[in-house]
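Each chain is listed here by its residues.
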Amino acid sequence: WPSLSRAWSYCPARPSSSATGGMGALDAGCFEEELENGVGLEEDVAEIGCESGTTDSESESARAIEDAVRVLLQGLGEDPDREGLRRTPHRVAKAFREGTRGYKQKVKDIVQGALFPEAGLETGTGHAGGAGGLVVVRNINLFSYCESCLLPFSIQCHVGYVSSGRRVVGLSKLSRVADVFSKRLQDPQRLANEICSALHNGIKPAGVAVALHCWHIQFPEARPCNSNSTYPSKLDMQGWIQVLVSSSSGVLKEEKSSLWDDFLALLKLKSINIERGDTNLSSASSWCPSRVIETSLCNGHCARSPKNGKTSSKTGVSHAAMMAAVTSILHSLGEDPSRKELVRTPHHYVQWLMNSRSSNLDLRLNGLSKANSCNVVDGNFTCLNEIQSVLNIPFCSQCEHHLLPFHGVVHIGYLDKQEGKCIERSVLQSVVHFFACKLQVQERLTRQIAEAVYSIFNIGVIVVVEAHHLCMISRGIEKVGSNTATIAVLGQFSTDAKAKGLFLQTIADKNASEG
């Protein structure tokens, strides 16, 4: 095989390692074997150990979620026992339970003992934090699971309060209370209301203000998954749906009070620009894209109506069985699946998963180098001598270790002796979409795209994938804003450091020009 360079550490479900061999050297199989032998996987050992103190009911709940995840994998046409998926039910169950731990936490246990007397305060509405008595904790990074589709969404939370009764609260308790309610199935406006109400009732201040800036990944539009399909170069999934919501109580809710303006002014000191009237402009009832987008089944399968109950794959697992599995997950998390806001959640979650349905299609690229090449070089290409560069091809895929989305852009470079000859961008988009439209890991996705393009231009190919992983924000590490880059090089790019450097500099220059 041609040499291949790629990163290996992005997924927190696996240990870091260095590449020491051919492309198959780091397949999941060798790590699955270590897992079964109990060798070297410190995190998985820690996962097992941390659950040793769980109650029988908690263990039963975890097993029920794992069983449901196996049904979902089978419904996607996958084998839950294949390498790479063996631990997925456990990881998904653990992530769901960690992400909804707020159901078992009580605000009074957090704020009890965290109220401190402050001798300098006035008897009435206090002066803690300066004139006006306003204390604000800014930029609390949180995540929550959307109650409509069970996908995580990111939150930047800002909390303020005006003290009363000569008491102040420990500042860390404000973020901890916000975290309790974010670790439940949520809607942005209800989350803001619950944080505000809990703080008002828990610490008895003169008033509370809460502002949330929330981001939700978009659902991909339905597209035919075949090698000849074309679609716009800018995919809707690349944007995040954003909403600003707020809630207030007491003196911060009074229309004639200037304290709300003071709250916004203190946010602006950290370049957090929220103007009066900005919040609640987006309807909370429609902020989740699953409520307005009906995504067709993907990967070339004939989509059947979910209502007819017919099997959704050759495994014999019906769409109804997948819906029932999601309902079981909701019940195991302590939720009421019949709650009005959750009635359509199983449908929405299955709808999202079906975009990663296992495909039996083949990607046929023979002849594309001639039939689909072009002489016109537009803004999508940068030709450095014989290097052709196609940058910023957006994608969205599904991490097979946690069943959570990862999304970003793909940059492709290839060498062509016929200077000025370029493969159409739409063809490369089809290649990216084909491999992204299934359960994946970023390293494999990078390699597969490189190999597919190399089958057309076998002189040299380089592929760089930059992606955000929702599993990095919605699990224990909660690394909001982290980004993962992987690289694969084949042919001349693996030996020509100058050519590789020129392509990487092209990406850097493009990113710099776009700010």
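In this text the structure is predicted, and so the values were computed from the model without any measurement.

**Student:** Just checking my understanding: could you explain the overall build of the protein for this structure?
**Tutor:** A tally of regular secondary structure across the protein gives 14 helices and 15 strands. Within the protein, the proportion of its 515 residues that are buried is 53%. Of the contacts formed within the protein by residues at least 6 apart in sequence, a portion of 75% connects residues at least 24 apart.

**Student:** Is there a simple way to think about the pairing of strand β6 (residues 207-217) in this case?
**Tutor:** Across a regular strand the side chains alternate sides, sitting on one face of the sheet and then on the other. In terms of burial, β6 is largely enclosed, as 10 of its 11 residues are buried. In terms of strand pairing, strand β3 (residues 152-162) meets β6 through nine bridges, oriented antiparallel. Along β6, the bridge assignment pairs Tyr161 with Val208. The pairing of β6 with strand β7 (residues 240-250) spans 11 bridges and is antiparallel. Looking across to β7, one finds that Val210 is bridged to Ser247.

**Student:** Looking at this model, I keep getting lost on the packing of helix α9 (residues 319-332) against helix α10 (residues 345-353). Mind explaining?
**Tutor:** Angle between the axes and distance between the axes: these two values describe a pair of packed helices. Remark: α9 packs on α10, axes separated minimally by 9 Å, with the N-to-C direction vectors making an angle of 115°. In the packing of α9 onto α10, the handedness of the crossing is right-handed. Every residue of α10 that contacts α9 at His319, Met322, Met323, Val326, Thr327 and Leu330 is listed here: Thr345, Pro346, His347, Tyr349 and Val350. Considering only residue class, the contact of α9 with α10 consists of seven nonpolar, four polar and no charged.

**Student:** Could you clarify how one ought to interpret the environment of Cys422 in this entry?
**Tutor:** With respect to the helices and strands, the residue Cys422 is situated in strand β12 (residues 422-423). Considering only alpha carbons, one finds Cys422 and Val390, 32 residues apart in sequence, at a separation of 9.2 Å.

**Student:** Got a minute to help me understand the packing of aromatic side chains in this structure?
**Tutor:** Ring pairs (aromatic) are described by centroid distance and by the angle formed between their planes. One pass over the full model with this rule turns up eight aromatic pairs. Centroid distance Phe153 to Trp287: 5.1 Å. Interplanar angle 80°. Geometry classified as edge-to-face. You can see Phe153 sitting in strand β3 and its partner Trp287 sitting in the loop between α8 (259-268) and α9, a full 134 residues away along the chain. Classification of Phe153 as buried rests on a relative accessible area of 0%.

**Student:** Before we go on, may I ask you to explain the nonpolar core in this structure?
**Tutor:** For soluble globular proteins, the rule of thumb is that nonpolar side chains tend to be buried together. Residues Leu72, Phe96 and Leu212 are the most contacted members of the largest nonpolar core, which totals 76 residues. Of all hydrophobic cores here, the second largest spans 31 residues; its members include Phe406, Cys422, Val427 and Val453.

**Student:** Help me out: how do you make sense of helix α7 (residues 188-203) in this one?
**Tutor:** The α-helix advances 3.6 residues per turn, and as a result positions three or four apart in sequence lie on the same side. With 16 residues, α7 extends 23 Å between its outermost C-alpha atoms, agreeing within 8% with the 22 Å of an ideal straight helix rising 1.5 Å per residue. Those residues of α7 that fall on the buried side of the exposure criterion are Pro188, Gln189, Leu191, Ala192, Ile195, Cys196, Ala198, Leu199 and Ile203. One side-chain oxygen of the residue at the start of α7 lies 3.1 Å from the amide nitrogen of Gln189, identifying that residue as Asp187. Immediately downstream of α7, the backbone of Lys204 shows phi near 50°, a positive value.

**Student:** I tried to follow the pattern of salt bridges on my own but got confused; where do I start?
**Tutor:** Side chains that differ in charge, positive against negative, can pair when their charged atoms come close. Within this structure, the stated rule accounts for 14 salt bridges. As a salt-bridge pair, Lys104 and Glu58 come within 3.2 Å of each other at their nearest N and O atoms. In this pair, Lys104 is assigned in the loop between α4 (88-99) and α5 (107-111) and Glu58 in helix α3 (residues 56-75), connecting sequence segments 46 residues apart. With a closest N to O distance of 3.2 Å, Glu400 and Arg444 form a salt bridge. Placement of Glu400 in the loop between β10 (387-399) and β11 (404-415) and of Arg444 in helix α13 (residues 442-454) is noted, with a sequence separation of 44 residues between them. Each of the two residues, Glu400 as well as Arg444, counts as buried.

**Student:** Which parts of the structure should I look at to understand the state of the cysteines?
**Tutor:** The term disulfide refers to a covalent linkage connecting the sulfur atoms of a pair of cysteines. The final tally for this structure, using the stated rule, is zero disulfides. In this structure Cys396 is not part of a disulfide, and its nearest cysteine sulfur, from Cys437, lies 9.6 Å away. A relative accessible area of 14% means that Cys396 is categorised as buried. Its sulfur unpaired, Cys471 is 4.6 Å from the next cysteine sulfur, which belongs to Cys399.

**Student:** Would you take a moment to explain the sheet that holds β6 for this structure?
**Tutor:** What the five strands build is an open sheet, ordered β5-β2-β3-β6-β7; its pairing is mixed. Unpaired on one side and paired on the other, β5 (185-186) and β7 mark the two borders of the sheet. In this structure, strand β2 (residues 134-146) lies alongside β5, joined through two bridges in parallel fashion. Residue pairing in the sheet places Cys146 in a bridge with Gln186 of β5.

**Student:** So what exactly am I meant to see when it comes to the environment of Glu341 here?
**Tutor:** Among the secondary structure elements, Glu341 is positioned in the loop between α9 and α10. In sequence terms Glu341 and Gln186 are 155 residues apart; their C-alpha atoms lie 9.5 Å from each other.

**Student:** Looking at this structure, how should I read the side chain of Thr446?
**Tutor:** Within the secondary structure, Thr446 sits in helix α13. Within polar-contact distance, the side chain of Thr446 engages the side chain of Thr486 at 2.6 Å. When residues no more than four places from it in sequence are discounted, the contact partners of Thr446 are Val463, Val465, Thr486, Ile487 and Ala488.

The rules behind the values
Residues numbered from 1 in each chain as written. Predicted model: local features only at pLDDT ≥ 70, side-chain atom pairs only at ≥ 80, totals over all residues. Heavy atoms only, no water. Helix = DSSP H or I, 4+ residues; strand = E, 2+ residues; numbered from the N terminus. Buried < 20%, exposed > 50% of the residue type's maximum accessible area, 1.4 Å probe, protein only. Contact = heavy atoms within 4.5 Å. Pairing = 2+ DSSP bridges. Axes fitted to C-alpha atoms, helices over the stretch in contact; angles between N-to-C directions. Left-handed = near helix turned anticlockwise from the far one by under 90°. Nonpolar A, V, L, I, M, F, W, Y, C, P; charged D, E, K, R; others polar. Phe/Tyr/Trp six-rings, centres within 6.5 Å; stacked < 30°, edge-to-face > 60°. Core = buried A, V, L, I, M, F, W, Y, C linked by side-chain atoms within 4.5 Å. Expected span 1.5 Å × (residues − 1). Polar contact = N/O pair within 3.5 Å; in protein donor to acceptor, adjacent residues only side chain to side chain. Salt bridge = Lys/Arg side-chain N within 4 Å of Asp/Glu carboxyl O. Disulfide = S-S within 2.5 Å.

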